[in-house]
Amino acid sequence: MDRIDKKLLNLLQRDAAKTNVEMADTVGLSPSSCLRRVRKLHQSGIIDRIVAILNPAKVGRVLKALVTVELKLHGEQHMRRFLDLATAEEAVAQAYAVTGETDVVLVLRLRDMDEFDALCDRLFRDRTNVARFFTMVVIRTAKDETAVDV
């Protein structure tokens, strides 16, 4: 990956709606060379996917919450079972198995507290192997960046 590939990756991360011609002009390539490079970055797996990033509040997901989860039982099968339950929930935007005292961190995008309460019933109570969970509701976002520095 050379400096032109890095420029292309940065451009795509900031605005993937730019045309191939616009990107080629910005990085000083012909449109065909630019397209070949972008395809190669896709094929190599460096570009995982291209998506539209929505404003969650404008589509009804007005609350953002971070939840740390401690499981009762540990081991791969117990972790996998909980992560499968969590990732099936539409309000779960991100789910991470982590190190330390916490086993899982979830990022939730919620419509309201009623949705959160119902999600708690499904994920954190009774037969879900959760020992305890702690919820932090985001009151202000200082940075929410999707780009990766290259």
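Here goes a summary of the coordinates provided. None of the values given here were measured: they were computed from a predicted structure.

**A short note on the overall build of the protein**
Right, so step 1: Scanning the protein for helices and strands turns up five helices and four strands.
Right, so step 2: Mapped from its N terminus to its C terminus, the protein presents α and β elements in the order α-α-α-β-α-β-β-α-β.
Right, so step 3: Computed over its C-alpha atoms, the radius of gyration of the protein comes to 20 Å, more than 25% above the 15 Å expected for a compact globule of 150 residues.
Right, so step 4: Over its C-alpha atoms, taken along the principal directions, the protein stretches across nearly 60 × 35 × 25 Å.
Right, so step 5: A buried classification covers 31% of the 150 residues belonging to the protein.
Right, so step 6: For the protein, the proportion of contacts with a sequence separation of at least 24, taken over those separated by at least 6, is 64%.
Right, so step 7: Separation of charge centres in the protein, based on 24 positive and 22 negative side chains, amounts to 5 Å.

**A word on helix H1 (residues 3–14)**
Right, so step 1: Counted at 1.5 Å a residue, the expected span for H1 with its 12 residues is 16 Å, and the 17 Å between its end C-alpha atoms agrees.
Right, so step 2: Within H1, burial applies to Ile4, Asp5, Leu8, Leu9, Leu11 and Leu12. Each buried residue of H1 lies within a common arc of 165° when the element is viewed along its axis, so the set occupies one face. Along H1, the residues that are exposed and aim more than 90 degrees away from the buried face are Arg3 and Arg14.
Right, so step 3: Check the buried side of H1 and you find it contacts helix H2 (20–27) and helix H3 (31–43).
Right, so step 4: Capping the start of H1, Asp2 holds a side-chain oxygen 3.1 Å from the backbone nitrogen of Ile4, two or three residues further along.

**Observations concerning the sheet that holds strand S4 (residues 130–137)**
Right, so step 1: Pairing is antiparallel across the open sheet formed by four strands, whose spatial order is S2-S3-S1-S4. Looking along the sheet, the strands with just one partner apiece sit at the ends: strand S2 (92–97) and S4. Sheet twist, expressed as the average angle between the axes of neighbouring strands with direction ignored, equals 15°.
Right, so step 2: Looking at chain direction, strand S1 (residues 63–71) and strand S3 (residues 104–110) are connected through seven bridges and run antiparallel. Paired with Leu63 across the two strands is Leu110, which belongs to S3.
Right, so step 3: Across the sheet, helix H5 (residues 113–123) is in contact with S1, S2, S3 and S4; its angle to S3 comes to roughly 145°.

What counts and what doesn't
Residues numbered from 1 in each chain as written. Predicted model: local features only at pLDDT ≥ 70, side-chain atom pairs only at ≥ 80, totals over all residues. Heavy atoms only, no water. Helix = DSSP H or I, 4+ residues; strand = E, 2+ residues; numbered from the N terminus. Rg over C-alpha atoms; globule rule 2.2 N^0.38 Å. Buried < 20%, exposed > 50% of the residue type's maximum accessible area, 1.4 Å probe, protein only. Contact = heavy atoms within 4.5 Å. Lys, Arg positive; Asp, Glu negative; His and termini not counted. Charge placed at Lys NZ, Arg CZ, Asp CG, Glu CD. Expected span 1.5 Å × (residues − 1). Arc of directions from axis to C-beta. Polar contact = N/O pair within 3.5 Å; in protein donor to acceptor, adjacent residues only side chain to side chain. Pairing = 2+ DSSP bridges. Axes fitted to C-alpha atoms, helices over the stretch in contact; angles between N-to-C directions.

Without other data, these values stay purely geometric and don't point to any function.
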